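One letter stands for each residue in the lines below.
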Amino acid sequence: MSVALDNPAFWAAVAQIIIIDILLSGDNAVVIALACRNLSPELRRRGIFWGVGGAVSLRVVLTTCAALVMNLPWLKLVGGLLLFWIAVKLML
């Protein structure tokens, strides 16, 4: 499957992903700030650097894993059935 880089729908999807990523990364910043708040200024700078690096690395690795897993046959059906079971349990 090839992607035409001049396709507006492609760029709209990319923009949506970027906006969602920016919104979801706010909680990472809060957690890193809370973890580093009592450190000395030098250690705080290093903690923030490694925290941000770790957060970005984990996001890339986990997104790649999720994309690869989505290619497994019947995964969406199994996931839908699990979500249905959880919804039924919540309703009861």
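Overview of the structure. Just so we're clear, the structure is a prediction, and the values are computed from it rather than from any experiment.

A word on unusual backbone geometry. One non-glycine residue with positive phi stands out, namely Trp74, at about 70°. By the secondary structure assignment, Trp74 is in the loop between helix H2 (41–69) and helix H3 (75–91). Here Trp74 falls in the exposed class, since its relative accessible area comes to 64%.

This brings us to the environment of Leu72. Tracing the sequence through the fold places Leu72 in the loop between H2 and H3. On a C-alpha basis, the gap between Leu72 and Gly26 in space is 31 Å, while along the polypeptide they are 46 residues apart.

A separate point is the environment of Lys76. One can find Lys76 in helix H3. Separated by 43 residues in sequence, Lys76 and Ala33 have C-alpha atoms that sit 37 Å apart.

What follows deals with the packing of helix H1 (residues 8–36) against H2. Two elements in contact, H1 and H2, have axes whose closest approach is 10 Å; the angle formed by their N-to-C orientations is 145°. Viewed along their axes, H1 and H2 form a crossing whose handedness is right-handed. Judged by residue contacts, Asp21, Leu24, Ser25, Asn28, Ile32 and Cys36 of H1 engage Arg44, Gly47, Ile48, Gly51, Val52, Ala55 and Arg59 from H2. Classifying every residue of the contact of H1 with H2 gives 6 nonpolar, 4 polar and 3 charged.

Thresholds, definitions, all that
Residues numbered from 1 in each chain as written. Predicted model: local features only at pLDDT ≥ 70, side-chain atom pairs only at ≥ 80, totals over all residues. Heavy atoms only, no water. Helix = DSSP H or I, 4+ residues; strand = E, 2+ residues; numbered from the N terminus. Buried < 20%, exposed > 50% of the residue type's maximum accessible area, 1.4 Å probe, protein only. Axes fitted to C-alpha atoms, helices over the stretch in contact; angles between N-to-C directions. Left-handed = near helix turned anticlockwise from the far one by under 90°. Contact = heavy atoms within 4.5 Å. Nonpolar A, V, L, I, M, F, W, Y, C, P; charged D, E, K, R; others polar.

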